[in-house]
Amino acid sequence: MSTTRRITHLIVRLDTGGAETSLLRLIAGTREQLAHHVICFGPPTTLGQKIENLGVQVSWLNYRRSGPWVLWQAFKLLRRQPPDILQGWMYYGNVLASILAWCLRRSTSVQIKVAWNVRNAIVEPGNDTWMIRSAIACSRWCHPDLVIYNSFAGQQAHQEMSLRGRQVVVPNGIDLTEFAPNTKIRNEVRTEHHRTSDTWVGVIARWHKGKGIREYLEAVKLLRQKNVPARFFLAGNGLTLDHPDFAVLLKEVGLTPCDLDL
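1. Section: the packing of helix α1 (residues 18–30) against helix α2 (residues 46–53)
Phase 1: Orientation of α1 relative to α2, taken along the N-to-C sense of each, is 5°, at an axis distance of 10 Å. Comparing their axes, α2 and α1 come out roughly parallel. Here α1 contributes Glu20, Thr21, Leu23, Leu24 and Ile27 to the contact with α2, which in turn contributes Leu47, Lys50 and Ile51.
Phase 2: Looking at the contact of α1 with α2 residue by residue, the classes come out as five nonpolar, one polar and two charged.

Here it is, written out as structure tokens:
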């Protein structure tokens, strides 16, 4: 009988993002010690394919096609392959992990440990949709065995929520062999954009108020007023003038598109 501990990860989507990439790296680094299984409520993605290429099962439930029935599908999967640990990823996955674990305990004799993965350092209701706010509210009534934060700032931001369970901080790690200066690529990009000697100051993120976009733009405005010789740019989903909220924020801060490289 195998003594390898089984861990099932619950995540809503597997698009390219910080949490999703961390899941991929976690699995890649521990697949020899743990038996991983991923249940994704969204449709198949390229990042999910990378996880499957590691020899790990990814169950695609695709809520767009199945609707609320994905919860029943997830329950059946867990009942058929009960893990030792059920780990949720981000607010939706965390709450669903607690709910499904409770249902399994009620219907079977299997005792499953529940771990949460909280990857948000700013809790401001105005920054999130009503669905995320609802998930955060539900979090207050759940009892996970372990809450994992990826930063001490995130742990502190959630103290007022009084999340139950043992808490631990596991900081994000950066692979310095992958993210290292590359002079060749640097020169190619600068030549392509005709900016061979300028200083570049930028932000790479998706559009979200919690990403510090306003703070960056305010810093750009200050540096422009001081005539600092630099090029300022933003890159990421939603960081274009086509996004109405971003265009409004740009105007509120007092910048024009000419002040940035978009």
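2. What to know about the sheet that holds strand β4 (residues 85–89)
Phase 1: One open sheet accounts for seven strands, arranged β3-β2-β1-β4-β5-β6-β7; its pairing is parallel. On the outer flanks of this sheet lie β3 (57–60) and β7 (166–169), each paired with one strand and no other. Each adjacent strand pair in this sheet contributes to an overall mean axis angle of 20°, direction not counted.
Phase 2: Contacts from α2 reach β2 (34–40) and β3, with the element oriented near 145° to β3.

3. Things to note about the packing of helix α4 (residues 69–80) against helix α5 (residues 90–107)
Phase 1: At a minimum axis distance of 10 Å, the contact between α4 and α5 shows a crossing angle of 55°. The angle between α4 and α5 falls in the class oblique. Note on packing geometry: the crossing formed by α4 with α5 is right-handed. Listed contacts from α5 to Leu71, Ala74, Phe75, Leu78 and Arg79 of α4 are Leu96, Leu100, Cys103, Leu104 and Ser107.
Phase 2: Here the residues of the contact of α4 with α5 sort into eight nonpolar, one polar and one charged.

4. Here we look at the pairing of strand β9 (residues 231–235)
Phase 1: Going residue by residue along β9, you find Phe232 and Leu234 tucked away on one face and Arg231, Phe233 and Ala235 left uncovered on the opposite face.
Phase 2: Across five bridges, the pairing between strand β8 (residues 200–204) and β9 is parallel. Pairing of Trp200 across the sheet is with Arg231, part of β9.
Phase 3: For the crossover from β8 across helix α9 (residues 213–225) to β9, the handedness is right-handed.

5. Concerning the pattern of salt bridges
Phase 1: Under the defined criterion, the tally for this structure stands at six salt bridges.
Phase 2: Arg25 is the partner of Glu178 in a salt bridge, and the nearest nitrogen-oxygen pair spans 3.5 Å. Of this pair, Glu178 sits in the loop between β7 and α8 (183–192) while Arg25 sits in helix α1, and the two are 153 residues apart along the sequence.
Phase 3: Its relative accessible area of 34% is what places Arg25 among the partly exposed residues.
Phase 4: Of the charged contacts in the structure, one is a salt bridge between Lys184 and Glu188, with a shortest N-O distance of 2.6 Å.

6. Re the layout of surface pockets
Phase 1: By volume, the second largest pocket is sized at about 610 Å³.
Phase 2: Taken together, 28 residues form the lining of the second largest pocket, with Leu26, Gln87, Asn117, Ile148 and Val170 sitting closest to its centre.
Phase 3: Mapped onto the lining of the second largest pocket, the elements with two or more residues apiece are α1, β2, β4, β5 (113–118), β6 (146–149) and β7.
Phase 4: At five residues, the largest contribution of residues to the lining of the second largest pocket is made by α1.
Phase 5: When grouped by side-chain class, the residues that make up the lining of the second largest pocket number 14 nonpolar, nine polar and five charged.

Reading the values: rules and limits
- Residues numbered from 1 in each chain as written.
- Predicted model: local features only at pLDDT ≥ 70, side-chain atom pairs only at ≥ 80, totals over all residues.
- Heavy atoms only, no water.
- Axes fitted to C-alpha atoms, helices over the stretch in contact; angles between N-to-C directions.
- Helix = DSSP H or I, 4+ residues; strand = E, 2+ residues; numbered from the N terminus.
- Parallel < 35°, antiparallel > 145°, perpendicular 65-115°, else oblique.
- Contact = heavy atoms within 4.5 Å.
- Nonpolar A, V, L, I, M, F, W, Y, C, P; charged D, E, K, R; others polar.
- Pairing = 2+ DSSP bridges.
- Left-handed = near helix turned anticlockwise from the far one by under 90°.
- Buried < 20%, exposed > 50% of the residue type's maximum accessible area, 1.4 Å probe, protein only.
- Right-handed = clockwise from strand over helix to strand, strands pointing away.
- Salt bridge = Lys/Arg side-chain N within 4 Å of Asp/Glu carboxyl O.
- 1 Å grid on protein atoms, 1.4 Å probe; cavity = no way out; pocket = protein on both sides within 12 Å on 5 of 7 lines; lining within 4 Å.
- Points joined across faces, edges and corners; volume = space filled by probe spheres on them.

Everything listed is a geometric property; what it means functionally is a separate question.
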